[in-house]
Amino acid sequence: MKTMRMVILAAVAAAALLALAAGCGGDQNGPAYRQAHKLLVFGIDSADWRILDPMLEAERLPNLKQFMTQAASGRMKTFIPLEKSPVLWASICTGVEPGVHGIHNFVKGQDEKPVTSSAWKAPALWDILTAAGRSTAVMGMWTTYPARPIDGVMVSDFLPYGSKREHPLANLVYPDSLTDVMVGLRVDPQSLTDEDLARFIPAGLLPEAEQKYPREMAELRDVFAADLSYLAAADYLAHHGDFDLFFFYLRGPDMVSHHFYRYMKADLDYVHLDPAKVAVFKDVVKNYYAWVDEVLGRVLGWFPPDRQTVIVSDHGFYGPRRSGKKGTAEHSEWGIFLARSPLYEAGTRFGHLAVLDICPTILAMMGLPPAHDMPGAILTEPATRDGAKHLHKLDKHRVDSYMALAPASGPEGERDPKVNEEIRRQLRSLGYIN
Ligand SMILES: [Zn+2]
């Protein structure tokens, strides 16, 4: 580990010299260099231009619209055959194929236990950054329970579960000293008011919805409460720390799409739904994206206006298939990717990048060279002239491999059969497991 750390630091130093040559920063340990290479990631599970574009046109996503004037925007091509979100996000965060990073599913074994963070066989962005002496705050990311030690804070993906337990699960958060704060910020689905829910369902139809469709309403409450919990966690961390990588992620858009997209597509000849139910749920997905846009505005507001920012999804969403298949069958191969950085032309559209290009691109934006054993390319199509030069140099100076930084098996965490069942129930309702 120590030698590897030295190799990484040498690579980082070389990258910093390159940055200097490209005229974009000073001493790599200096505050100006460090500030210029910080990055915010805003991850939106399953965001798809096919839903965003019409909403942008209808002025329903003002924050995204404004961001696009400052960023390069394009499509993100995900793996075919379509994969599950934990598999895709692990490839986004490690830059390697599932066969290499080791995350293949939500659950494993005959008893379908949720896959835990010891499954990662490749280093994620935060492991590479930790070795490079840079900090990360990451919250809600798939397969991060138990939270592992990094330079920074990891709020695991189990935060919303086990709320009925007397004590929170062990290793819910790293460092443990933040557990009580994070658990205290958790939003109870039952605490959501009619006003909260009226964001998604016409207020006049709420009593009917609660009475006739309690299962769907419970699903909506759970999804929204979990996203609100991570938003509260992010708000706290953004105001109590200064991280090089701030990795914010919303799982809700995908879950809401699995539950409610079909009500928006009730005009398709193979979608047969009760019209009264359609009236209640038809705008939930769009309304949820309008909320995500509000969150985007809020999160961007926590950071300086020139903070490098990536907005990214792991796949798109197609909606109900003629085959009636659920789960990943409802995903589409085209997600989204947007990057705001002095390296890229503001307000431009590029064709697409692939899911494995994301990690090398994020590393490069942070001034770090990708590794030779990352199959993806750094996004250069929308680069400025100086940006392209700089990115090309980083590409030429790839390190051999970051694999030696793969996390040693971390803390065991705690297994609670009730929490596992809570998670399985949710995955089942989404059509991901039987
Ligand atoms: Zn999905």
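Residues numbered from 1 in each chain as written. Predicted model: local features only at pLDDT ≥ 70, side-chain atom pairs only at ≥ 80, totals over all residues. Heavy atoms only, no water.

## Side note on the overall build of the protein chain
So, point 1. Summing up its helical and strand segments, the protein chain has 17 helices and 13 strands in all.
So, point 2. Against the 2.2 N^0.38 benchmark of 22 Å for 434 residues, the protein chain shows a C-alpha radius of gyration of 21 Å, consistent with a compact globule.
So, point 3. Dimensions of the protein chain, computed from C-alpha atoms along their principal axes, come out at roughly 65 × 45 × 40 Å.
So, point 4. Taken across its 434 residues, the protein chain has 56% of its residues classed as buried.
So, point 5. Contacts in the protein chain between residues far apart in sequence, at least 24 positions, make up 75% of those at least 6 positions apart.
So, point 6. Total accessible area on the protein chain is roughly 17,500 Å²; 53% of this is exposed by carbon and sulfur atoms. (Helix = DSSP H or I, 4+ residues; strand = E, 2+ residues; numbered from the N terminus. Rg over C-alpha atoms; globule rule 2.2 N^0.38 Å. Buried < 20%, exposed > 50% of the residue type's maximum accessible area, 1.4 Å probe, protein only. Contact = heavy atoms within 4.5 Å. Areas by Shrake-Rupley, 256 points an atom, 1.4 Å probe, with all protein chains shown as cover.)

## What about the nonpolar core?
So, point 1. Residues Trp126, Phe246 and Phe247 are the most contacted members of the largest nonpolar core, which totals 142 residues.
So, point 2. With twelve residues, helix 11 (residues 214-240) is the single largest residue contributor to this core.
So, point 3. With sequence-adjacent residues up to four places away left out, Trp126 is seen in contact with Cys93, Trp120, Thr136, Val138, Met141, Arg148, Ile150, Met154 and Phe247. (Core = buried A, V, L, I, M, F, W, Y, C linked by side-chain atoms within 4.5 Å.)

## Observations regarding the coordination of the zinc ion
So, point 1. Here the zinc ion is held by Asp254 (OD), Asp254 (OD), His258 (NE2), His331 (NE2) and Tyr432 (OH), and the distances to it run 1.7 to 2.3 Å.
So, point 2. Taken in sequence order, the residues that donate to the zinc ion follow the motif D-x3-H-x72-H-x100-Y. Of this pair, Asp254 sits in helix 12 (residues 252-264) while Tyr432 sits in the segment after helix 17 (417-429), placing them 178 residues apart in sequence.
So, point 3. Overall, the relative accessible area of 2% leaves Asp254 in the buried class. (Donors = N, O, S within 2.8 Å, 3.2 Å for Na, K, Ca; no water.)

## Considerations on empty space enclosed by the protein
So, point 1. Within the structure shown, the criterion is met by four cavities of 30 Å³ or more.
So, point 2. Considered as a void within the structure, the largest cavity measures approximately 120 Å³ in volume.
So, point 3. For the lining of the largest cavity, the per-class residue count stands at nine nonpolar, two polar and two charged.
So, point 4. There is about 90 Å³ of room inside the second largest cavity. (1 Å grid on protein atoms, 1.4 Å probe; cavity = no way out; pocket = protein on both sides within 12 Å on 5 of 7 lines; lining within 4 Å. Points joined across faces, edges and corners; volume = space filled by probe spheres on them. Nonpolar A, V, L, I, M, F, W, Y, C, P; charged D, E, K, R; others polar.)

## A look at helix 17
So, point 1. The end-to-end C-alpha distance of helix 17, which contains 13 residues, comes to 18 Å, matching closely the 18 Å that a straight helix rising 1.5 Å per residue would cover.
So, point 2. Among the residues of helix 17, the N-terminal cap falls to Asp416, whose side-chain oxygen and the backbone nitrogen of Lys418 are separated by 2.8 Å.
So, point 3. Looking one or two residues past helix 17, Gly431 carries a phi angle of roughly 85°, positive in sign. (Expected span 1.5 Å × (residues − 1). Polar contact = N/O pair within 3.5 Å; in protein donor to acceptor, adjacent residues only side chain to side chain.)

## What about the environment of Met68?
So, point 1. Take Met68: it is sitting in helix 4 (residues 62-70).
So, point 2. As a C-alpha pair, Met68 and Ala131 span 63 residues in sequence and 33 Å in three-dimensional space.

## Some thoughts on the pairing of strand 12 (residues 334-340)
So, point 1. Burial analysis of strand 12 places six of its seven residues in the buried class, which makes it a mostly covered element.
So, point 2. Here strand 2 (residues 72-77) pairs with strand 12 via six bridges, running antiparallel. By the bridge assignment, Met76 is partnered in strand 12 with Gly335. (Pairing = 2+ DSSP bridges.)

## Description of the environment of Arg251
So, point 1. Looking at where Arg251 falls in the secondary structure, it is placed in the loop between strand 8 (245-250) and helix 12.
So, point 2. Relative accessible area serves as the criterion here: at 12%, Arg251 is assigned to the buried category.
So, point 3. A sequence separation of 25 residues divides Arg251 from Ala226, and the C-alpha atoms of the two residues are 8.4 Å apart.
So, point 4. Residues contacting Arg251, with those up to four places away along its chain left out, are Asp45, Gly140, Trp142, Asp157, Tyr161 and Asp227.

## Let's talk about the layout of surface pockets
So, point 1. The volume enclosed by the largest pocket comes to roughly 680 Å³.
So, point 2. Along the walls of the largest pocket sit 26 residues, with Tyr161, Pro189, Asp222, Glu422 and Arg425 positioned nearest its centre.
So, point 3. Secondary structure elements with two or more residues in the lining of the largest pocket: helix 11 and helix 17.
So, point 4. Per-element tally for the lining of the largest pocket: the top contributor is helix 11, with seven residues.
So, point 5. Partitioning the lining of the largest pocket into residue classes produces nine nonpolar, seven polar and ten charged.

## Comments concerning the side chain of His258
So, point 1. With respect to the helices, strands and loops of the structure, His258 is situated in helix 12.
So, point 2. The exposure class of His258 is buried, given its relative accessible area of 2%.
So, point 3. His258 has contacts with Phe317, Gly327, Glu330, His331, Leu430 and Tyr432, leaving out every residue within four places of it along the chain.

## Quick look at the environment of Leu159
So, point 1. Inspection of the secondary structure assignment puts Leu159 in the loop between strand 6 (152-155) and strand 7 (173-174).
So, point 2. Classification of Leu159 as buried rests on a relative accessible area of 0%.
So, point 3. Those residues in contact with Leu159 that sit more than four places away from it in its chain are Leu172, Met182, Val183, Arg186, Ser229 and Tyr230.

## Quick look at the sheet that holds strand 5 (residues 136-139)
Sheet strands line up and pair through hydrogen bonds in the backbone, either parallel or antiparallel.
So, point 1. Read across the open sheet, the nine strands follow the order 7-6-5-8-1-9-12-2-13; overall the sheet is mixed. Two strands in the sheet have a free side with no partner beyond their single neighbour: strand 7 and strand 13 (348-354).
So, point 2. Where helix 3 (residues 49-57) meets the sheet, its contacts fall on strand 2, strand 12 and strand 13, and the angle it forms with strand 12 comes to roughly 60°. (Axes fitted to C-alpha atoms, helices over the stretch in contact; angles between N-to-C directions.)

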